[in-house]
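What follows is each chain in one-letter form.
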Amino acid sequence: RPEGKGTLLGPNLWGVMGTNSGSNVKAWGGSFARLESAFLIWTEPNMLAFLERPKEIIPFRRGDTSCMNFRGMDREADRLDLLGFLKTLVVAT
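Below, the structure is looked at part by part.

### Some words on the packing of helix α3 (residues 44-52) against helix α5 (residues 76-88)
Interhelical geometry of α3 versus α5 gives an angle of 135° and a closest axis separation of 10 Å. On the basis of the axis angle, α3 is oblique to α5. Remark: the crossing between α3 and α5 carries right-handed chirality. Judged by residue contacts, Glu-44, Met-47, Leu-48, Leu-51 and Glu-52 of α3 engage Arg-79, Leu-80, Leu-82, Leu-83, Leu-86 and Lys-87 from α5. Its residues assigned to classes, the contact of α3 with α5 comprises 7 nonpolar, no polar and 4 charged.

Rendered as structure tokens:
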């Protein structure tokens, strides 16, 4: 759904594509500084790279849990499927 805080496990990803990294986490009320400091825009290439190897895109900082325990997705087909789904989550204008 386009509004709301998502679940307690993470931010609402509705409309994440094309946004600045950390902006959805900031709106959700989570720790966003590390994501925001990466200065990324969630484009298709950036999202695919993050989904494959998140710690190479957003480096680990000791004591910071803002990037969850997500280790990435091994299968390219799964990453492409998730990217396709995320691209459908847009606010109608």
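### Remarks on the side chain of Ser-21
Looking at the element boundaries, Ser-21 is found in the segment before α1 (23-28). Judged by its relative accessible area of 2%, Ser-21 falls in the buried class. Among all residues touching Ser-21, those that are not within four sequence positions of it are Leu-35, Glu-36, Ala-38, Phe-39, Leu-40 and Trp-42.

### A short note on the packing of aromatic side chains
Here the structure, examined in full by the defined rule, presents 1 aromatic pair. Seen from their ring centres, Trp-42 and Phe-50 are 5.3 Å apart, and the 65° between their planes marks the pair as edge-to-face. Judged on exposure class, the residue Trp-42 and its partner Phe-50 are both buried.

### Remarks on the side chain of Arg-79
Mapped onto the secondary structure, Arg-79 falls in helix α5. A polar contact is formed between the side chain of Arg-79 and the backbone oxygen of Met-73, at a distance of 2.7 Å. Polar side-chain contacts of Arg-79 include one of 3.0 Å to the backbone oxygen of Asp-74. Setting aside residues no more than four positions away along its own chain, Arg-79 makes contact with Leu-48, Leu-51, Glu-52, Met-73 and Asp-74.

### Overview of the nonpolar core
In this structure, Val-16, Leu-35, Leu-40, Trp-42, Met-47, Phe-50, Leu-51, Ile-58, Met-73, Leu-83, Leu-86 and Leu-89 together form the largest nonpolar core, which totals 12 residues. Ranked by residues supplied to this core, first place goes to α3 with 3 residues. Ignoring any residue separated from it by four or fewer positions in sequence, one finds Leu-83 in contact with Met-17, Glu-44, Met-47 and Leu-48.

### Remarks on the pattern of salt bridges
Overall, the coordinates contain 6 salt bridges when judged by the stated rule. Among the ionic pairs, Arg-79 bridges to Glu-52, the shortest N-O distance being 3.9 Å. Of the two residues, Arg-79 is situated in helix α5 and Glu-52 in helix α3; the sequence distance between them amounts to 27 residues. Note that Asp-78 is salt-bridged to Arg-75, the shortest N-O span being 3.4 Å. The class of Arg-75 is exposed, set by a relative accessible area of 52%.

Calculation rules
- Residues numbered from 1 in each chain as written.
- Predicted model: local features only at pLDDT ≥ 70, side-chain atom pairs only at ≥ 80, totals over all residues.
- Heavy atoms only, no water.
- Axes fitted to C-alpha atoms, helices over the stretch in contact; angles between N-to-C directions.
- Helix = DSSP H or I, 4+ residues; strand = E, 2+ residues; numbered from the N terminus.
- Parallel < 35°, antiparallel > 145°, perpendicular 65-115°, else oblique.
- Left-handed = near helix turned anticlockwise from the far one by under 90°.
- Contact = heavy atoms within 4.5 Å.
- Nonpolar A, V, L, I, M, F, W, Y, C, P; charged D, E, K, R; others polar.
- Buried < 20%, exposed > 50% of the residue type's maximum accessible area, 1.4 Å probe, protein only.
- Phe/Tyr/Trp six-rings, centres within 6.5 Å; stacked < 30°, edge-to-face > 60°.
- Polar contact = N/O pair within 3.5 Å; in protein donor to acceptor, adjacent residues only side chain to side chain.
- Core = buried A, V, L, I, M, F, W, Y, C linked by side-chain atoms within 4.5 Å.
- Salt bridge = Lys/Arg side-chain N within 4 Å of Asp/Glu carboxyl O.

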